[in-house]
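The residues making up each chain are set out below.
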Amino acid sequence: DVYGAADFAGVPNVEYAEPYGDAEGLALALAEIDCFCLFSTHPEGIPVALLETMAAGRPWIATPRGGIPELVHDSASCALVE
């Protein structure tokens, strides 16, 4: 599944961030977020997006697919949801 801005239009506490194309865009996006969400329905290995989020010191919420649960190191900054 691919989520877009319209999927979150009725959710006032969620702001959809547009895609970025380079390392500078990634750094700016991570600096501006409160939390990163990865709602995957596919088997994941170790998602680079979560590693980048963790390296930036940002919390994340994700579905427990593949290796994602192994990335939970602190329940205050990483959460798994069905």
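Coordinates for the structure precede this section.
Now for a quick tour of the structure. Note that the structure is predicted; figures quoted are calculated from it, not measured.

Scanning the protein for helices and strands turns up two helices and three strands. The C-alpha radius of gyration of the protein comes to 13 Å, within 12% of the 12 Å expected for a compact globule of 82 residues. Seen through its principal axes, the protein has C-alpha atoms that stretch 30 × 25 × 25 Å. A total accessible area of about 5600 Å² is found for the protein, and carbon and sulfur atoms account for 56% of it.

Among the nonpolar cores identified, the biggest contains seven residues, and these are Leu-38, Leu-50, Trp-60, Ala-62, Ile-68, Leu-71 and Cys-78. With near-sequence residues (within four places) excluded, Ile-68 lies in contact with Leu-38, Glu-44, Gly-45, Pro-47, Leu-50, Trp-60, Ala-62, Thr-63 and Leu-80.

Okay, the state of the cysteines next. On inspection of all chains with the given rule, the structure shows zero disulfides. No disulfide involves Cys-35; its sulfur sits 4.8 Å from that of Cys-37, the nearest cysteine. In this structure Cys-78 is a free cysteine whose sulfur lies 9.1 Å from that of Cys-35, the closest cysteine sulfur available.

With that out of the way, let us pick up the environment of Leu-51. Relative to the helices and strands, Leu-51 resides in helix α2 (residues 48-55). For the pair Leu-51 and Ala-31, spaced 20 residues apart in sequence, the C-alpha to C-alpha distance is 15 Å. Residues contacting Leu-51, with those up to four places away along its chain left out, are Ile-46 and Leu-71.

Moving on to the side chain of Thr-63. The residue Thr-63 is located in the loop between β2 (60-62) and β3 (78-80) in this model. Given a relative accessible area of 7%, Thr-63 falls into the buried group. Looking at Thr-63, its side chain comes within polar contact range of the main-chain oxygen of Ser-40, at 2.7 Å. When neighbours within four sequence positions are excluded, Thr-63 is seen to be in contact with Leu-38, Phe-39, Ser-40, Ile-68, Leu-80, Val-81 and Glu-82.

Reading the values: the criteria
- Residues numbered from 1 in each chain as written.
- Predicted model: local features only at pLDDT ≥ 70, side-chain atom pairs only at ≥ 80, totals over all residues.
- Heavy atoms only, no water.
- Helix = DSSP H or I, 4+ residues; strand = E, 2+ residues; numbered from the N terminus.
- Rg over C-alpha atoms; globule rule 2.2 N^0.38 Å.
- Areas by Shrake-Rupley, 256 points an atom, 1.4 Å probe, with all protein chains shown as cover.
- Core = buried A, V, L, I, M, F, W, Y, C linked by side-chain atoms within 4.5 Å.
- Buried < 20%, exposed > 50% of the residue type's maximum accessible area, 1.4 Å probe, protein only.
- Contact = heavy atoms within 4.5 Å.
- Disulfide = S-S within 2.5 Å.
- Polar contact = N/O pair within 3.5 Å; in protein donor to acceptor, adjacent residues only side chain to side chain.

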